[in-house]
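Spelled out, the chains give:
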Amino acid sequence: MSDVNDSSMKTVLQHNFKLLIIGDSGVGKTSILSVFANGTFDEHTRNTVGVDLKVKMINIKDKLVRAVIWDTAGQERFRTLTSAYYRGAHGVILVYDMTSRPSFDHLKVWLRELTHYATTDPVIIIAANKADRKEERTVSSAEGLLYAREQEALYIETSAKTQQGVQQAFEELIQKILDKPELCYEVEEKPITLDTSHSSDSYCGYC
Ligand SMILES: Nc1nc2c(ncn2[C@@H]2O[C@H](COP(=O)(O)OP(=O)(O)OP(=O)(O)O)[C@@H](O)[C@H]2O)c(=O)[nH]1
Ligand SMILES: [Mg+2]
């Protein structure tokens, strides 16, 4: 007789998505990912060099998504390196710092690069980060939202420091990807056995 409780096992379909986080250096890309993947915020991060990858399993409704998240460097000197990262992306989080107008003005350059290099038509969410410093903001909500609408992108205000909006940003992005059959149909869907006897339904780590 087996000790395994059959009711704790179920079979689900797994989608594999490539997500990209882009935006100027210092806007909080690594911090947003760290909150999402590990639940931690660091006041003193290092500039990302090249790219960091994290993998996270996410349950959305009845779907299991294995997201490979590419945290790219915002610094200009890595520009030529990052162009290769756009290929095959399903979703993009385009981050600016709401207290830094140059980082907002620069979104157009990131979008131009994305359009140029992406081989898919990824879902884009624009994240106005550092919402915990609203009193210092130089870009209003209305302006950010209007710009996102013009780009047919989603819009969210986040704070990696307080965790505001971070989980929601990833979930909205993934939900929108799942809603786009042209982005999902090529994605490998494979039945896996999920052991629901563990309290956590997600994991993350470097790959
Ligand atoms: N107050 C506040 N500070 C933040 C927030 N997000 C990030 N920071 C701080 O901003 C600085 C830069 O954050 P990073 O996450 O390293 O920025 P980045 O976009 O990854 O920068 P690059 O790797 O150089 O492209 C760090 O000191 C963070 O602690 C936020 O939501 N609120
Ligand atoms: Mg970084």
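Preceding this section is the structure that the text describes.
Residues numbered from 1 in each chain as written. Chains lettered and ligands numbered in written order. Predicted model: local features only at pLDDT ≥ 70, side-chain atom pairs only at ≥ 80, totals over all residues. Heavy atoms only, no water.

Where helix H1 (residues 29–38) contacts helix H6 (residues 166–178), the two axes come as close as 9 Å, and the packing angle between them is 85 degrees. Judged by the angle between their axes, H1 and H6 are roughly perpendicular. Contacts between H1 and H6 pair Ile32, Leu33, Val35 and Phe36 from the former with Val166, Gln167 and Phe170 from the latter. The residue makeup of the contact of H1 with H6, split by class, is six nonpolar, one polar and no charged. (Axes fitted to C-alpha atoms, helices over the stretch in contact; angles between N-to-C directions. Helix = DSSP H or I, 4+ residues; strand = E, 2+ residues; numbered from the N terminus. Parallel < 35°, antiparallel > 145°, perpendicular 65-115°, else oblique. Contact = heavy atoms within 4.5 Å. Nonpolar A, V, L, I, M, F, W, Y, C, P; charged D, E, K, R; others polar.)

With that settled, consider the coordination of the magnesium ion (ligand 2). Under perfect tetrahedral coordination by four donors, a metal shows angles of 109.5 degrees; under perfect octahedral coordination by six donors, it shows angles of 90 or 180 degrees. Coordination sphere of the magnesium ion (ligand 2), protein contribution only: Thr30 (OG1) and Thr48 (OG1), at 2.0 Å. Linking Thr30 in helix H1 with Thr48 in the loop between H1 and strand S2 (51–60), this pair joins segments that are 18 residues apart in sequence. A residue is classified by how much of its surface remains accessible, and Thr30, at 25% relative accessible area, is partly exposed. The buried category is assigned to Thr48, whose relative accessible area is 10%. (Donors = N, O, S within 2.8 Å, 3.2 Å for Na, K, Ca; no water. Buried < 20%, exposed > 50% of the residue type's maximum accessible area, 1.4 Å probe, protein only.)

Once that is clear, we can look at the site of ligand 1. For ligand 1, the set of nearby residues contains 23 residues, the closest of which are Ser25, Lys29, Ser31, Thr45 and Gly74. The side chain of Asn47 places a nitrogen or oxygen atom 2.7 Å from an oxygen atom of ligand 1. Contact with the protein chains removes 91% of the 650 Å² of surface that ligand 1 exposes when unbound. Per element, the largest residue contribution to the shell around ligand 1 is three residues, and it comes from H1. Among the residues making up the shell around ligand 1, the classes are represented as four nonpolar, 11 polar and eight charged. (Near = heavy atom within 4 Å. Polar contact = N/O pair within 3.5 Å; in protein donor to acceptor, adjacent residues only side chain to side chain. Areas by Shrake-Rupley, 256 points an atom, 1.4 Å probe, with all protein chains shown as cover.)

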